[in-house]
Amino acid sequence: MTEAPKEDAPGAAVLLGISAMIFAALLFALAMVRARASVGTTFQGDALLGWSARLAVVIAAALRWFDLRLLAAASGATFLALVGLRGWQIASAGFHPTDSSAAAVLSIVLGLYALHLAVAAVGLFSRRIGWRLLWVFLAVVWVVIDGTAFVW
Amino acid sequence: VAVARALSHLRVARVYLWAGLVYLAIGGGLALLIRWQWAYPGKPVPLFGGLLFPYTQGAITPDSYQALFTMHGLVMIFFAVTPILIGALSHWLVPAMIGARGLAYPRAAWVGVVFLLAAQAVALASFFVELGTARSGWTLYPPLSTIAPGHGQTLVVAALGLASISTVIGAVNVLVTVIRRRAPGMTWGRLPLTVWGLFFTAVLNAAFTPVLIATALLLLSDRLLGTEVFLAGALAQRGGGDPFAFQHLFWIFGHPEVYILILPVWGVVSDFVAFFTRRAAFWYRGTVGSMLAVTLLAGLVYGHHIFTTGIAPMLGAVFETLTLAISIPSTILFGNWLMTLWQGRVRLTVPMLYVTGVLLVFAAGGLTGLYLGAVATDIVLHDTLFVVGHFHLTMAAATFLGIFAALHHWAPKLLGCRLGDRLGAWHAVLTLLGLFLVFGGLIVAGLQGQHRRLYDPFVASVEHLANRSANRHTSFSAFGLATVQLLFVLNLIHSLLTRRVAVENPWQVGTLEWKEPDLEQQVMRGPHEFLSGDDEKSAGKDYLDQGEACPQKSAPDAK
């Protein structure tokens, strides 16, 4: 692992903290809406796919942290494929963002996450520490989202 | 290059300042219209009434009143005070006071400016769309904010989102600048207290303004995409969501916002009290620790805003305890100011006059806040003007006086000219008087039970009829207060036109912003170190620059 420039670490950390608060606020709203609406449907897709996606994103973040960029890209692509497959499963089972308020909030959370993923992809080959932090952040956020949000 | 960078953040600060001042005038104008309505409910507004409300011959309708009420709060908080106090002061003062060559992210600072100007433009545009601007109250509670017809409400929510993005960009810049760009020797223990205040404000902005962004996103989704995140009951078509979630989210941001606005003022006051009593700030670490404690507690006390919504009694007790706990660091802070003043050589300069005003209004605002922090008294007072009086004393009066103190003090650098002292002194004294009359009037009306949101409070109850003349007195005090602000405008225009040149370091203080940007800056001491007696005579001045290498006073080998 080569030493990366670290002067942008505080800025990246603050930015990720801001993103974390946005996700936290949205997940808080999701929890309240779900509790209030007491919508009975529970569907998480294939559990194995879910766990595989979590593992893939954690591996991608770890590889990115150690600057193994091509391997990180491969793991990231695997993660996207697994999430896409699971999303297709869930959509096939009748999920639609307008089904309920919980589904709408979940869609907003996923949209925001996708935006972060796109930004992370831009920094795939950068050596700056901020991009590495972003990948770790995305892995943590996905694990949290997957563990809390996929019940609507 | 260093000078160019320094000027760059000064230009950013100036844009924030002027943008904020324009909206301060707009927000103030909206307040005067509200006060007119309370003085003469339903009567045509004199002078501009016909222009503003042409379809009612100048009279304010209930619908217009709701819009005035809503936009006064939003404009003042997000588009006036925040740009001036946080945008202007943070972007210029932080790098200047810590001896940095510029902001950590100068281009991002300009992006923040663009977002603010866009937000202000969108908010202003909301007044001119069909059905007018937002009318759901400044807290934007659903379902009113969700179902309100027209595009005005949508534009206002979007404007809040844009302004919030501007704020968080500024927060990142300030935090990284303070962490990374301090001049050599500028340790955390040597930071001016103004910088500490702005730093803690940036911490709160980075932590809690994102919650407002998320909330605005959800509200926009409800309005534009037809989701029902904040709708329930008969209004919901597809199962609905939870309007109460909005209240939680709003106040998770909203209460820290109080400290976001007041912390910079606390910092300014802490420094100015030391500067103008020619003494080091009493218990510097205690002052910083108090601001830190308030910053940490800020996010844990929001529940006192929703005592009356039926939250669990246990939760209410927890929030009450935490809320009242905040009075401990606040009291320490206040005590430190008094101890600094004690036996100090007070110079009643114009900034010091404003700061004295802050001490008085903050004491009154803080003491009235205790009644709202306790569940039992809050339930009685919650919907009355007492609440409005309390938060105007803290959030409006204290911040305005703090802003004026800062502007008068730093005008030579921030505006390029010195403001006149005679007009400034009159403005400070009369503004303080006006603030007490207006916001004290709100407190008294609140204690008499006057509801805080009614279009015509005097038809609600016969008992309220007795308040009519009191309301008129308060309203005329408000008109007087507004007139007094012309002194400031006059002072500002006169100083800008005549380019009244300030002497270098006019207040004779040692902080770095008065020096030219210096690449070799080395900081040797704290922000307020003063000399007296023989040391003062031999040095020919009574203060030490933070970058001064060999003070006459403390050089050990001189004795």
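Residues numbered from 1 in each chain as written. Chains lettered and ligands numbered in written order. Predicted model: local features only at pLDDT ≥ 70, side-chain atom pairs only at ≥ 80, totals over all residues. Heavy atoms only, no water.

**Student:** Lay out the overall build of chain B in plain terms, naming residues and giving numbers.
**Tutor:** Check the secondary structure of chain B and you find 18 helices and 2 strands. Against the 2.2 N^0.38 benchmark of 24 Å for 559 residues, chain B shows a C-alpha radius of gyration of 24 Å, consistent with a compact globule. Seen through its C-alpha atoms, chain B measures out along the principal axes to roughly 80 × 50 × 50 Å. Residues classed as buried in chain B amount to 59% of the 559 residues present. Within chain B, counting contacts between residues at least 6 apart in sequence, those at least 24 apart form 78% of the total. Charge-centre separation for chain B: the mean point of 34 positive side chains lies 5 Å from the mean point of 26 negative side chains. (Helix = DSSP H or I, 4+ residues; strand = E, 2+ residues; numbered from the N terminus. Rg over C-alpha atoms; globule rule 2.2 N^0.38 Å. Buried < 20%, exposed > 50% of the residue type's maximum accessible area, 1.4 Å probe, protein only. Contact = heavy atoms within 4.5 Å. Lys, Arg positive; Asp, Glu negative; His and termini not counted. Charge placed at Lys NZ, Arg CZ, Asp CG, Glu CD.)

**Student:** Lay out the overall build of chain A in plain terms, naming residues and giving numbers.
**Tutor:** Within chain A, the regular secondary structure consists of 5 helices and 0 strands. Each helix (α) and strand (β) of chain A, taken in turn from the N terminus, gives the series α-α-α-α-α. Sequence-distant contacts, at least 24 apart, represent 82% of the contacts inside chain A between residues at least 6 apart. In the form shown here, chain A has an accessible surface area of approximately 7,000 Å², with 74% of it arising from carbon and sulfur atoms. (Areas by Shrake-Rupley, 256 points an atom, 1.4 Å probe, with all protein chains shown as cover.)

**Student:** How would you summarise the interface of chain A and chain B if you had to cite specific residues and measurements?
**Tutor:** Contacts between chain A and chain B engage 25 residues on the former and 31 residues on the latter. Buried surface at the junction of chain A and chain B, summed over both partners, amounts to about 2,200 Å²; 77% is from carbon and sulfur atoms. Run the count over chain A and chain B and you get 0 salt bridges. Run the count over chain A and chain B and you get 2 residue pairs in polar contact (both at pLDDT 80 or more). For the side of chain A that touches chain B, the secondary structure elements donating two or more residues are helix 1 (9–37) and helix 4 (101–122) of chain A. (Buried area = accessible area lost by both parts, 1.4 Å probe. Salt bridge = Lys/Arg side-chain N within 4 Å of Asp/Glu carboxyl O. Polar contact = N/O pair within 3.5 Å; in protein donor to acceptor, adjacent residues only side chain to side chain.)

**Student:** Lay out the environment of Ser-164 of chain B in plain terms, naming residues and giving numbers.
**Tutor:** All names here are of chain B. Its location among the elements puts Ser-164 in helix 6 (residues 152–180). Owing to a relative accessible area of 2%, Ser-164 belongs among the buried residues under this scheme. Here the alpha-carbon distance between Ser-164 and Leu-338, two residues 174 residues apart in the chain, equals 35 Å. Residues in contact with Ser-164, not counting those within four places in the same chain, are Thr-209, Leu-212 and Ile-213. In terms of polar contacts, Ser-164 uses its side chain to reach the backbone carbonyl oxygen of Leu-160, at 2.7 Å.

**Student:** Pulling in residues and values, what's your account of the packing of helix 3 (residues 62–98) of chain B against helix 8 (residues 243–275) of chain B?
**Tutor:** Residues and elements named next belong to chain B. Running from N to C, helix 3 and helix 8 cross one another at 45°; their axes reach a closest spacing of 11 Å. Between helix 3 and helix 8, the angle falls in the class oblique. Considering how the two elements wind past one another, helix 3 and helix 8 form a crossing that is left-handed. Contacts between helix 3 and helix 8 pair Ile-77, Phe-78, Val-81, Thr-82, Leu-85, Ile-86 and Met-97 from the former with Phe-253, Glu-257, Ile-260, Leu-261, Pro-264, Val-265 and Asp-271 from the latter. Across the contact of helix 3 with helix 8, the residue classes tally to 11 nonpolar, 1 polar and 2 charged. (Axes fitted to C-alpha atoms, helices over the stretch in contact; angles between N-to-C directions. Parallel < 35°, antiparallel > 145°, perpendicular 65-115°, else oblique. Left-handed = near helix turned anticlockwise from the far one by under 90°. Nonpolar A, V, L, I, M, F, W, Y, C, P; charged D, E, K, R; others polar.)

**Student:** So, the confidence of the model for chain A: which residues are in play, and what are the values?
**Tutor:** Of the residues in chain A, 88% have a pLDDT of 70 or more, and the chain-wide mean is 86. In the model, residues 1–5 of chain A has pLDDT below 50 throughout and makes 13 contacts with residues more than four positions away in sequence or in other chains. (pLDDT = per-residue confidence, 0-100.)

**Student:** Outline the pattern of salt bridges, listing residues and values.
**Tutor:** Taken as a whole and judged by the stated rule, the model has 13 salt bridges over all chains. Between Arg-347 of chain B and Asp-542 of chain B there is a salt bridge, and its shortest N-O distance comes to 3.3 Å. Taken as a pair, Arg-347 of chain B in the loop between helix 11 (327–341) and helix 12 (350–373) and Asp-542 of chain B in the loop between helix 18 (533–539) and strand 2 (543–544) lie far apart in primary sequence, 195 residues in all. By relative accessible area, Asp-542 of chain B is classed as buried at 4%. Between Arg-418 of chain B and Asp-421 of chain B there is a salt bridge, with the nearest N and O atoms lying 3.1 Å from each other. Owing to a relative accessible area of 17%, Arg-418 of chain B belongs among the buried residues under this scheme. Judged by its relative accessible area of 33%, Asp-421 of chain B is partly exposed. Via salt bridges that share partners, Arg-64, Asp-67, Arg-69 and Arg-132 of chain A belong to a single interconnected network.

**Student:** I'd love a proper account of the packing of aromatic side chains, names of residues and values included.
**Tutor:** Residues and elements named next belong to chain B. If you walk through the whole model with that rule in mind, you get 39 aromatic pairs over all chains. Between Tyr-141 and Phe-246 the ring centres are 6.3 Å apart and the planes differ by 85°, which places this aromatic pair in the edge-to-face class. In this pair, Tyr-141 is assigned in the loop between helix 4 (106–125) and helix 5 (144–147) and Phe-246 in helix 8, connecting sequence segments 105 residues apart. Taking 5.4 Å as the distance between ring centres and 90° as the angle between the ring planes, the aromatic pair formed by Phe-476 and Phe-479 counts as edge-to-face. A residue pair is termed a helical-turn pair when its members lie 3 or 4 positions apart in one helix, as Phe-476 and Phe-479 do in helix 17 (residues 467–498) at 3 residues. Put simply, the rings of Phe-78, Trp-138, Tyr-141, Phe-230, Phe-246, Phe-250, Trp-251 and Phe-253 pair up and form one aromatic cluster. (Phe/Tyr/Trp six-rings, centres within 6.5 Å; stacked < 30°, edge-to-face > 60°.)

**Student:** Report on unusual backbone geometry, specifying residues and quantitative values.
**Tutor:** Residue and element names in this part refer to chain B. For the bond running from Pro-142 to Pro-143, omega is 5°, close enough to zero to count as cis. With a phi close to 45°, Trp-283 is a non-glycine residue in the positive phi region. Turning to its location among the elements, Trp-283 is positioned in the loop between helix 8 and helix 9 (284–298). Positive phi outside glycine occurs at Gln-508, with the angle close to 55°. Along the chain, Gln-508 turns up in the loop between helix 17 and strand 1 (529–530).

**Student:** So what about helix 4 of chain B? Which residues, and what values?
**Tutor:** In an α-helix, one turn spans 3.6 residues; hence positions three or four apart end up facing the same way. All names here are of chain B. The end-to-end C-alpha distance of helix 4, which contains 20 residues, comes to 29 Å, matching closely the 28 Å that a straight helix rising 1.5 Å per residue would cover. Listed as buried for helix 4 are Ala-109, Gly-112, Val-113, Leu-116, Ala-119, Gln-120 and Ala-123. Buried residues along helix 4 cover an arc of 125° about the axis, so they all sit on one side. Every exposed residue of helix 4 that faces more than 90 degrees away from the buried side is listed here: Arg-107 and Val-114. (Expected span 1.5 Å × (residues − 1). Arc of directions from axis to C-beta.)

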